[in-house]
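Residues per chain are reported as follows:
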Amino acid sequence: MVRIRVLARYRVQGRGQGAVGGLELDALAVELALRHGDLAARSEDLDVLVTGPVRGGRGGANAWELVAACRLGRVTATAPPEPVTWSDRLRAVIFDLDGTLFDHESSAVAALRQWVPRLGVETVTDVLLAAWFEAEDRHFGAWQNGLISYVEQRRARLRDFLPHVGHRPGTDAELDRHIADYLTCYASTWQRFDDVDAALTAVARAGLATAVLTNGIDQQQFAKVEAIGLAGRVGPVFTAEAIGVAKPAPITYLTVCERLGVPAEAVLHVGDRHDLDVLAPRAVGLNAVHLDRTGRGPLDEPHRITSLAELGRFLPPAAVGSAAS
Ligand SMILES: [Mg+2]
C-alpha cells in the first residue's frame, strides 16, 4: 500500500489549538481528498480542523474526516522519506548557487528597492516585484535554452519591466545604462542563506569534496561566491558559460564529476530547482536532494529538504580525524 504522510497542525474541537502532528493516512484517504480537489500543495498554513482522531487505516470514518479537513483547506501531503541507500558511497557534493547557497531573491528585492526609486517610483509594490521576476524567468530561461545571448536577455528583461515604472524601453545603449545601474545595486545586496554554514560544516565533517554548478556567467557567479564569503569553502565553481551549455544538459553534471575525479554514483547534487537540480542529474547517475525552500514541492519527491540544515541526514558519518568540528 502506498502510504502518504499528511502533516497538519490540528485543532480538536473543544480543546483549542493542538500541536504539529504527523498523521499517517492511507492511499484511500488521500485519493478521496484528491477527488474533492482540496489537497493543497503547501507546506505552511497548516491549520486544519479535525473533528476527531485521524489515524491510519483503510476506513470510512477516518477517510471522510480527512476529506472534511481538506475541504477546509490547507493540508499538505508529502511522500514518506525513502531510506537513503547511497550515503556511504558519496565522495562529493555539487551545490547549485542561486536559490541554494546564494539568496538571489532577497538580494534582487533589496536591489530593486534601491534602484526603482531612482526611476521616479517611490514604492516598490508586490506587483512590480512580480513583474520583475516574471521577466527574469522568461528571458533568463531563453538564454539558458540558447535562444538569445546573455546581454540580450538582460535587455529583454528591461524592455518588459520599464513600462511598469513609466519608462519607455529606449535604445540598447539606454537599456545598458539601466542595467548597469541595477547591477550596481544588486552587487551591494548579495547575501547567502543562513543555513549554508550548517550544510558546509556537515559536508566537511563527512570528508567530502564540493563543487558549485550554476547556470550563470563566470564573472558574476565567481563574484557572488566571493562576496558571500564562500570562496575557499566551496568549489570549484562551474558555470554554464564556461561549460558551454546550461543545466539540464547532461554534460554539465558529468563535466563536474569528471573534473572532480569522482564517478557520478558517488556524487550528491543539491539544489532548489527540481527539474535542473534533481531530475536531470539523477537521470545521468548522480544522487540528488531537492532543496524545497518555498514548500512548493513536488511533495512526492522522496529526497526533499526545506533547509540546508537538514542535509546531514543524507551524508555519510563524519570522517575520522576530520578537521571540521
Ligand atoms: Mg537555483
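Residues numbered from 1 in each chain as written. Predicted model: local features only at pLDDT ≥ 70, side-chain atom pairs only at ≥ 80, totals over all residues.

### A few points about the overall build of the chain
Phase 1: Of regular secondary structure, the chain possesses 11 helices and 10 strands.
Phase 2: The long-range fraction of contacts in the chain, counting pairs at least 24 apart against all pairs at least 6 apart in sequence, stands at 66%. (Helix = DSSP H or I, 4+ residues; strand = E, 2+ residues; numbered from the N terminus. Contact = placed C-beta atoms within 7 Å.)

### Focus: the sheet that holds strand S5 (residues 92-95)
Phase 1: Spatially, S7-S6-S5-S8-S9-S10 is the arrangement adopted by the six strands of the open sheet, whose pairing is parallel. The open sheet has two free edges, formed respectively by strand S7 (237-239) and strand S10 (304-305), since each of these has just one partner strand.
Phase 2: Bridging between strand S8 (residues 267-271) and strand S9 (residues 287-291) involves four bridges; their strand directions are parallel. Pairing of Leu268 across the sheet is with Asn287, part of S9.
Phase 3: Against the sheet, helix H10 (residues 250-260) contacts S5, strand S6 (209-214), S7 and S8, and its axis sits at roughly 150° relative to S6. (Pairing = 2+ DSSP bridges. Axes fitted to C-alpha atoms, helices over the stretch in contact; angles between N-to-C directions.)

### Focus: the confidence of the model for the chain
Phase 1: Residues at a pLDDT of 70 or more form 73% of the chain, whose mean pLDDT is 79.
Phase 2: Every residue in residues 1-78 is under pLDDT 50, and counting partners more than four places away or in other chains gives 119 contacts. (pLDDT = per-residue confidence, 0-100.)

### Remarks on the packing of helix H5 (residues 150-161) against helix H6 (residues 172-187)
Phase 1: Between H5 and H6, whose axes approach to 9 Å, the crossing angle comes to 90°. It follows that H5 is roughly perpendicular to H6 by the angle criterion. Facing H5, whose interface residues are Arg154, Arg155, Leu158 and Arg159, H6 presents Asp172, Leu175, His178 and Ile179.
Phase 2: A class-by-class count of the residues in the contact of H5 with H6 yields three nonpolar, one polar and four charged. (Parallel < 35°, antiparallel > 145°, perpendicular 65-115°, else oblique. Nonpolar A, V, L, I, M, F, W, Y, C, P; charged D, E, K, R; others polar.)

### Quick word on H6
Phase 1: The terminal C-alpha atoms of H6 lie 22 Å apart, and with 16 residues this matches the ideal 22 Å at 1.5 Å per residue to within 8%.
Phase 2: Three or more residues of H6 are buried, namely Leu175, His178, Tyr182 and Tyr186. For H6, the arc enclosing every buried residue in end-on projection is 80°, short of the 170-degree limit, so these residues lie on one face. Looking at H6, the residues exposed on the side facing more than 90 degrees away from the buried face are Ala173, Ala180 and Thr184. (Expected span 1.5 Å × (residues − 1). Buried ≥ 20, exposed ≤ 12 C-beta atoms within 10 Å, placed from the backbone. Arc of directions from axis to C-beta.)

### Description of the pairing of S5
Phase 1: Burial along S5 is two-sided: the face carrying Ala92 and Ile94 and the face carrying Val93 and Phe95 are both buried.
Phase 2: One ladder, built from four bridges, connects S5 with S6; its direction is parallel. Looking at S6, one finds that Val93 is bridged to Thr210.
Phase 3: With four bridges connecting them, S5 and S8 associate as parallel partners. Each bridged residue has a counterpart across the sheet, and for Val93 the counterpart in S8 is Leu268.

### Side note on the nonpolar core
Phase 1: Within the largest apolar cluster, 42 residues are counted, with the highest numbers of intra-cluster contacts made by Ile94, Phe95, Leu101, Val212, Val289 and Leu311.
Phase 2: Elements supplying a minimum of two residues to this core: S5, helix H7 (196-205), S6, S7, H10, S8, helix H11 (274-283) and S9.
Phase 3: For this core, the leading source of residues is H7, giving five residues.
Phase 4: The residues contacting Val289, other than those within four sequence positions of it, are Leu268, Val270, His303, Ile305, Leu311 and Phe314.
Phase 5: Listed in part, the 11 residues of the second largest apolar core include Ala108, Ala111, Trp132 and Leu175. (Core = buried A, V, L, I, M, F, W, Y, C linked by C-beta atoms within 7 Å.)

### Examining unusual backbone geometry
Phase 1: Cis geometry is adopted by the peptide bond preceding Pro236, which originates at Gly235 and carries an omega value of 15°.
Phase 2: Inspection of the secondary structure assignment puts Pro236 in the loop between helix H8 (218-227) and S7.
Phase 3: Cis geometry marks the peptide bond from Gly297 to Pro298; its omega dihedral reads 10°.
Phase 4: Here Pro298 is to be found in the loop between S9 and S10.

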